[in-house]
Amino acid sequence: MTLESSDAGAAPDPENVLVMELKDGIVKIEMLPDLAPKHVEQIKTLTRQGFYDGIVFHRVIDGFMAQTGDPTGTGRGGSDLPDIPAEFSAEPFERGVAGMARSQNPDSANSQFFITFAPARFLDRQYTVWGRVIEGMEFVDMIKKAPRGDQSGTVRAPDKIISLKVEADLE
């Protein structure tokens, strides 16, 4: 299953597409600045700084999601940039949606994000949707997962983002 870009048939603006290299292949994520302008701007800024290159998927729960973006690999770290206020929307958490991770405080998103393996509608309007996978979801599916039954999702010897780039910077 592939998710369509917002303008059916039209290619998304390369300025709003992330190209993520994983061990198994290339994943393209269309960013949604109309839904979450502050989150998209922060992700782009960090991407252009090379922040995500080499960062692990520290929390991966089969059938739910893969989370990354913590330079410490513990789930407690973030970038030096300020946290971002929530930008919740009616956009549903379907398979392949990119959302921002946060603490109990809705305004605590910083650099960590997750990609859903399956619909996770219980997250709707509680986490910020900032993007969706438009190519390579099969490679997201191949990210190493935590052992079955481990609800913490902690992955031993986790997979990592080899590189993350804004598509416009690759042209």
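Going by the structure above, here's the rest.
Because the structure is predicted, anything quoted here is derived from the model rather than measured. (Residues numbered from 1 in each chain as written. Predicted model: local features only at pLDDT ≥ 70, side-chain atom pairs only at ≥ 80, totals over all residues. Heavy atoms only, no water.)

Engineer: Give a description of the layout of surface pockets that names residues and reports values.
Structural biologist: With a probe scaled to a water molecule rolled over the atoms, the places where space remains empty come into view. When its volume is computed, the largest pocket comes out at roughly 360 Å³. Lining the largest pocket we find 22 residues, and of these Gln67, Gly75, Arg76, Gly77 and Gln112 sit closest to its centre. When the residues that make up the lining of the largest pocket are grouped by side-chain class, the tally is four nonpolar, 14 polar and four charged. (1 Å grid on protein atoms, 1.4 Å probe; cavity = no way out; pocket = protein on both sides within 12 Å on 5 of 7 lines; lining within 4 Å. Points joined across faces, edges and corners; volume = space filled by probe spheres on them. Nonpolar A, V, L, I, M, F, W, Y, C, P; charged D, E, K, R; others polar.)

Engineer: For the packing of aromatic side chains, give the residues involved together with the corresponding values.
Structural biologist: How two aromatic rings sit relative to each other is set out by the distance from centre to centre and by the angle between their planes. Across all of its chains, the model carries six aromatic pairs by this definition. Relative to phenylalanine 114, the ring of phenylalanine 93 has its centre 5.7 Å away and its plane inclined at 25°; by these criteria the two rings are stacked. Placement of the pair is phenylalanine 93 in the loop between β4 (65-68) and β5 (97-100) and phenylalanine 114 in strand β6 (residues 113-116), with a sequence separation of 21 residues. Classification of phenylalanine 114 as buried rests on a relative accessible area of 4%. Three or more aromatic residues link up through ring pairs in this structure, and these residues are Phe51, Tyr52, Phe113 and Trp130. Positioned over the ring face of tyrosine 127 is arginine 102, at 4.3 Å from the centre of the ring. The cationic tip of lysine 145 hangs over the ring face of phenylalanine 117; the distance from NZ or CZ to the ring centre is 4.8 Å. (Phe/Tyr/Trp six-rings, centres within 6.5 Å; stacked < 30°, edge-to-face > 60°. Helix = DSSP H or I, 4+ residues; strand = E, 2+ residues; numbered from the N terminus. Buried < 20%, exposed > 50% of the residue type's maximum accessible area, 1.4 Å probe, protein only. Lys NZ or Arg CZ within 6 Å of the ring centre and 35° of its normal.)

Engineer: Mind laying out the pairing of strand β7 (residues 129-135), listing which residues take part and the relevant values?
Structural biologist: Here β7 lies mainly inside the structure; six of its seven residues are buried. Note that strand β2 (residues 25-31) and β7 share four bridges and pair antiparallel. Within the sheet, the bridge partner assigned to methionine 31 lies in β7 and is glycine 131. In this sheet, β7 lies alongside β5 in antiparallel orientation, the contact comprising three bridges. (Pairing = 2+ DSSP bridges.)

Engineer: Please give an account of the pattern of salt bridges that cites residues and values.
Structural biologist: Summed over all chains, the structure comprises 13 salt bridges. For the salt bridge of lysine 28 with glutamate 167, the shortest nitrogen-to-oxygen distance reads 2.7 Å. Placement of lysine 28 in strand β2 and of glutamate 167 in the segment after β8 (163-166) is noted, with a sequence separation of 139 residues between them. Taken individually, lysine 28 and glutamate 167 each receive the classification buried, so the pair is uniform in this respect. (Salt bridge = Lys/Arg side-chain N within 4 Å of Asp/Glu carboxyl O.)

Engineer: Now, about the sheet that holds strand β1 (residues 17-22): what can you tell me, with residues and values included?
Structural biologist: If you walk across this open sheet you meet the eight strands as β3-β4-β6-β5-β7-β2-β1-β8, and the pairing is antiparallel. Unpaired on one side and paired on the other, β3 (59-61) and β8 mark the two borders of the sheet. Averaged over neighbouring strand pairs, the angle between their axes works out to 25° when direction is ignored. Against the sheet, helix α1 (residues 37-48) touches β1, β2, β5, β6, β7 and β8, its axis set at about 120° to β8. (Axes fitted to C-alpha atoms, helices over the stretch in contact; angles between N-to-C directions. Contact = heavy atoms within 4.5 Å.)

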